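Fold and geometry: a report
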Amino acid sequence: MTDLSPNAVRDAVRQAAARVDAATPAHRDRAVDALRALAVLGVVLGHWLVTALVADGGSLRTASPLQYMPWLAPVSWLFQTLAVFFLVGGHVATRGYASARARGVPYHRWLRARLARLFKPVAAVLGLWTVVAVALLLSGTEYATVRTLVRLALSPLWFLLVFAALTAATPLLARLHPLWPLAVVLHVDVVRFGLGGPAWLGWINLAAGWLVPYTLGAAWTRGELEHRRAGRFLLVSGTAATAALVVWAGYPASMVGVPGAAVSNLDPPTLAAVTFGLAQCGLALLLRERLRGVMRRPVAWAAVALVNLSAMTVFLWHQTALMATTATGLLLGRLPGLHTVPDGLGWVAARLVWLPVLVLALAVCRAAFRSWEQDGDGRRRGRSGMVRAHRPTPKGTRHV
């Protein structure tokens, strides 16, 4: 009989974590993986906390507690972590491309492998939601509800398109100074908000805004951000600039989009979102050494490795997990924190209670679709670089 006592479970977790720790290449910078995991989890938790699907009669509409409680805007400062993801992405991509060139791997093969890691999981999301959308429409569900659900489910894809474009341009961006895209964002906002220019100009910032942390990642690869003063400068200057833009220039305090707001800091990115990202990147750089120390603990590293090995699956399916929970809950009626208007702290408390259920739903999605998250050559990511596969090796045979 399996021993399920707390001590036995704790020992089993420690043994599994020790195996993951032993299988990790000694040269791997675990702080990079920790920052990526924190960025992904920040986005997931942020969406779960500020996205509400309100049931109005037979339809569903999106709402946000930030609409009704704008003083909760600081919550968005904690969970809007995309700049850190682009910082890590730029660092990993430029380092990987340099390594590929040193090994004689041509650009097209390197890029194909990188993009396959991004877009193979996308095929599963698009396939499932195509079927779901058609089934809902054929069953008589209101078009507005179907549109709301599909937009929410596919909303993470905008990020992947931008990230893929920057990845493809990595050879051109490896030496680009972050001040250039920052200057573009500044001028776009001056024209849009200061001179009354057309709103469509803001979409230039969709590329330029995320270029800033991406090129910071390239500077990290070049060794230009190793000194702590670089992190301190980014943190202090980014914080001061963001505060000035919010207090004196009228930018929104929320770093995520709020339904019904006249201006969104994220859709498309504004100068305030970019300077806020600079502060986040500075903090991330300052935390590297501490994270490397924490990641020497096998249990902590195993948790980070687990998130990284399923990062794309978690990112792409977390909104589906929210909607699946919401739809299932409707069978029991309008439930607080799930189907009700997010207009008070009671909703916030109820949503916090729902978080473990959302985690469980996401775990189901991960179990169902993690096989789609593979390297370009078809191997599972867990056997490519982060963690070596452990298999019995016959005597006299060497690992190559």
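Computed from a predicted structure; not experimentally measured.

Criteria and thresholds
Residues numbered from 1 in each chain as written. Predicted model: local features only at pLDDT ≥ 70, side-chain atom pairs only at ≥ 80, totals over all residues. Heavy atoms only, no water. Phe/Tyr/Trp six-rings, centres within 6.5 Å; stacked < 30°, edge-to-face > 60°. Helix = DSSP H or I, 4+ residues; strand = E, 2+ residues; numbered from the N terminus. Buried < 20%, exposed > 50% of the residue type's maximum accessible area, 1.4 Å probe, protein only. Pairing = 2+ DSSP bridges. Salt bridge = Lys/Arg side-chain N within 4 Å of Asp/Glu carboxyl O. Axes fitted to C-alpha atoms, helices over the stretch in contact; angles between N-to-C directions. Parallel < 35°, antiparallel > 145°, perpendicular 65-115°, else oblique. Left-handed = near helix turned anticlockwise from the far one by under 90°. Contact = heavy atoms within 4.5 Å. Nonpolar A, V, L, I, M, F, W, Y, C, P; charged D, E, K, R; others polar.

Let us now look at the packing of aromatic side chains. According to the stated counting rule, one finds 15 aromatic pairs in the structure shown. Where Phe86 meets Phe159, the ring centres are 5.4 Å apart and the plane angle is 75°; that geometry is what we call edge-to-face. With Phe86 in helix H5 (residues 82–102) and Phe159 in helix H8 (residues 157–168), this residue pair connects regions lying 73 residues apart in the sequence. Judged by relative accessible area, which is 1%, Phe159 ranks as buried.

Among the five residues of strand E1 (residues 52–56), four are classified as buried, and the element is accordingly described as predominantly covered. Note: E1 against strand E2 (residues 59–63), five bridges, orientation antiparallel. The residue of E2 that forms the bridge with Leu53 is Thr62.

Applying the stated criterion to the full structure yields eight salt bridges. Across the pair Asp189 and Arg192 runs a salt bridge, and its minimum N-O distance is 3.9 Å. A residue pair is termed a helical-turn pair when its members lie 3 or 4 positions apart in one helix, as Asp189 and Arg192 do in helix H10 (residues 179–194) at three residues. Taken as a pair, Asp189 and Arg192 share a single burial class, namely buried. For Arg222, the salt bridge goes to Glu224, with nearest N and O atoms at 2.8 Å. Under the relative-accessibility criterion, Arg222 is labelled partly exposed at 23%. You can call Glu224 partly exposed: its relative accessible area is 46%. Via salt bridges that share partners, Arg28, Asp33 and Arg36 belong to a single interconnected network.

Here the focus is the side chain of Arg30. You can see Arg30 is positioned in helix H2 (residues 30–50). We classify Arg30 as buried; its relative accessible area is 15%.

Moving on: the packing of helix H12 (residues 228–247) against helix H13 (residues 271–286). Helix-helix packing is described using two parameters, namely the angle between the two axes and the distance between the axes. As a packed pair, H12 and H13 sit with axes 7 Å apart at the nearest point and diverge in direction by 150°. Taken as axis vectors, H12 and H13 run roughly antiparallel relative to one another. In this structure, H12 meets H13 at a crossing whose hand is left-handed. Where H12 approaches H13, its residues Arg228, Gly231, Arg232, Leu234, Leu235, Gly238, Thr239, Ala241, Thr242 and Leu245 are matched on the opposing element by Leu271, Ala272, Thr275, Phe276, Leu278, Ala279, Gly282, Leu283, Leu285 and Leu286. Partitioned by chemical class, the residues of the contact of H12 with H13 number twelve nonpolar, six polar and two charged.

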